[in-house]
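Structural characterization, general
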Amino acid sequence: MDFAGTLLNWYNDNKRPLAFRATTDPYKIWLSEIILQQTRVEQGMPYYHSFTNAYPTIVDLANAHEDAVIRLWQGLGYYSRARNLHQTAKIVANQYGGKFPSTYTEIAQLKGIGPYTAGAIASIAFGEKAAAVDGNVYRFLARYFGIETPAPSEKARKEFTAIVLDLMGNAHPGTFNQALIEFGALQCKPQSPACLLCPFNSSCYALAKGRVNELPVKNKMAARRTRYFNYFIIKNDKQLLLQQRTAKDIWQQLYEFPLVETKEPHP
DNA sequence: AACCCGTGGAC
DNA sequence: TGTCCAAGGGT
């Protein structure tokens, strides 16, 4: 059994029955990919259902008020995803006649869609042979082949894209990409991967070399700053004072209590 | 290329 | 309690 065959057999036996896998609607596949960017499946799934329920088609989403879209997104984080989602819906509705573009090149030009998401949509919704290299794919292949190129980086993205396209062969691109992602998420996990039960354990570089915990090589994350927001709750019997964040900053366009920001907690 | 953008679960 | 970081993309 070759790599693709082994992977697809594993996927057939182990894949989760996720709602966005039960549709061929490019709109819903796109929506699921945007929601799942840097977001766990368990956290994103309620939002996927909320959006598909509130906006059954991409034209419905395009016709919504942006405030309503952002409000429905509230709690998910990375709100630029919601703004780009709405903007892209309007472009598809107005410039593509409500029909989602069907090629990687066209899809990749839309806002909020980068190399990973374009590859995912093109392959899953339209069967185009494109790679969808996310963190799961990078981890699995870095371990399996012993690749030490630090990620995320442009160099790593190109290197892994070429490998995926080669491994894919003539398999269905969308199924193969989802299998690769699901394998990374469920089997070749970041911590304590299930190597004893892994169908690739007889040919995995990292397992053979005892380097499972050293791969993949990751670029160190930028240090995070801590910000302190001190809110004033101003209200009377009927009214609550809120202000909208219009600045190009965190929580742009969301509403909040009046506040002062300080460098230390509790001034 | 480096930094920014959120939230919540795992440890 | 603190740190890490997830189906990344924009600038």
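Since the model is a prediction, treat every value here as computed from it, not as a measurement.

It is worth spelling out the protein's contact with DNA strand B at this point. Near DNA strand B lie 15 residues; those nearest to it are Arg-40, Tyr-78, Tyr-79, Ile-250 and Trp-251. The sugar and phosphate moieties of DNA strand B supply 48% of its atoms located within 4 Å of the protein. One nitrogen or oxygen atom from the main chain of Gln-38 is found 3.3 Å from a base nitrogen belonging to DNA strand B. Contact distances for DNA strand B include 2.7 Å between a phosphate oxygen and a backbone N or O atom of Tyr-79.

The subject of this paragraph is the nonpolar core. Ranked by internal contacts, the top residues of the largest apolar core, which has 38 residues, are Trp-30, Phe-51, Leu-61, Trp-73, Leu-85, Phe-100 and Ile-113. Among the elements that take part in this core, helix α2 (residues 26-35) stands out by supplying six residues, more than any other. Excluding residues that lie within four positions of it along the chain, Leu-85 makes contacts with Trp-30, Leu-31, Ile-34, Phe-51, Leu-61 and Trp-73.

What follows is about the packing of helix α9 (residues 135-145) against helix α10 (residues 154-168). Taken N-terminus to C-terminus, the directions of α9 and α10 make an angle of 75 degrees; their axes are 11 Å apart at the nearest point. Between α9 and α10, the angle is such that the two are roughly perpendicular. On the side of α9, the interface is formed by Val-137, Tyr-138, Leu-141, Ala-142 and Phe-145, while α10 contributes Ala-156, Phe-160, Ile-163, Val-164 and Leu-167. The residue inventory of the contact of α9 with α10, partitioned by class, reads ten nonpolar, no polar and no charged.

In this section: the domain arrangement of chain A. Splitting chain A by domain gives domain 1 (1-221) and domain 2 (223-267). The distance between the C-alpha centroids of domain 1 and domain 2 comes to 34 Å. Taken together, the contacts link seven residues of domain 1 with seven residues of domain 2. Taking both partners together, domain 1 and domain 2 bury about 610 Å²; carbon and sulfur atoms supply 45% of that area. On the domain 1 side of the interface with domain 2, the three residues burying the most area are Asp-67, Tyr-79 and Arg-83, jointly 55% of the side's total.

Below, the discussion takes up the pattern of salt bridges. The full count for this structure, using the stated rule, is six salt bridges. Across the salt bridge formed by Glu-148 and Arg-211, the nearest N and O atoms sit 2.7 Å from each other. In this pair, Glu-148 sits in the loop between α9 and α10 while Arg-211 sits in the loop between α12 (205-209) and β1 (228-231), placing the two residues 63 residues apart along the sequence. You can call Arg-211 buried: its relative accessible area is 18%. Put simply, Glu-154 and Arg-157 hold a salt bridge, and the shortest N to O gap is 2.8 Å. With a gap of three residues between them, Glu-154 and Arg-157 both fall in helix α10, about one helical turn apart. Of the residues examined, Glu-154 reaches a relative accessible area of 44% and is grouped as partly exposed. Taken together, the salt bridges that share partners define one network made up of Arg-16, Arg-21 and Glu-182.

This brings us to the protein's contact with DNA strand C. Taken together, 23 residues surround DNA strand C, and among them Leu-36, Gly-112, Thr-117, Asp-134 and Ile-181 come closest. Restricting the count to atoms of DNA strand C within 4 Å of the protein gives a sugar and phosphate share of 59%. Residue Tyr-116 places a main-chain N or O atom 3.3 Å away from a phosphate oxygen belonging to DNA strand C. One nitrogen or oxygen atom from the side chain of Lys-218 is found 2.7 Å from a phosphate oxygen belonging to DNA strand C. Elements with a contribution of two residues or more to the surface near DNA strand C: α8 (115-126), α9 and α11 (173-186). Its residues assigned to classes, the surface near DNA strand C comprises eight nonpolar, eight polar and seven charged.

What counts and how
Residues numbered from 1 in each chain as written. Chains lettered and ligands numbered in written order. Predicted model: local features only at pLDDT ≥ 70, side-chain atom pairs only at ≥ 80, totals over all residues. Heavy atoms only, no water. Near = heavy atom within 4 Å. Polar contact = N/O pair within 3.5 Å; in protein donor to acceptor, adjacent residues only side chain to side chain. Core = buried A, V, L, I, M, F, W, Y, C linked by side-chain atoms within 4.5 Å. Buried < 20%, exposed > 50% of the residue type's maximum accessible area, 1.4 Å probe, protein only. Helix = DSSP H or I, 4+ residues; strand = E, 2+ residues; numbered from the N terminus. Contact = heavy atoms within 4.5 Å. Axes fitted to C-alpha atoms, helices over the stretch in contact; angles between N-to-C directions. Parallel < 35°, antiparallel > 145°, perpendicular 65-115°, else oblique. Nonpolar A, V, L, I, M, F, W, Y, C, P; charged D, E, K, R; others polar. Domains from an automatic or database assignment. Buried area = accessible area lost by both parts, 1.4 Å probe. Salt bridge = Lys/Arg side-chain N within 4 Å of Asp/Glu carboxyl O.

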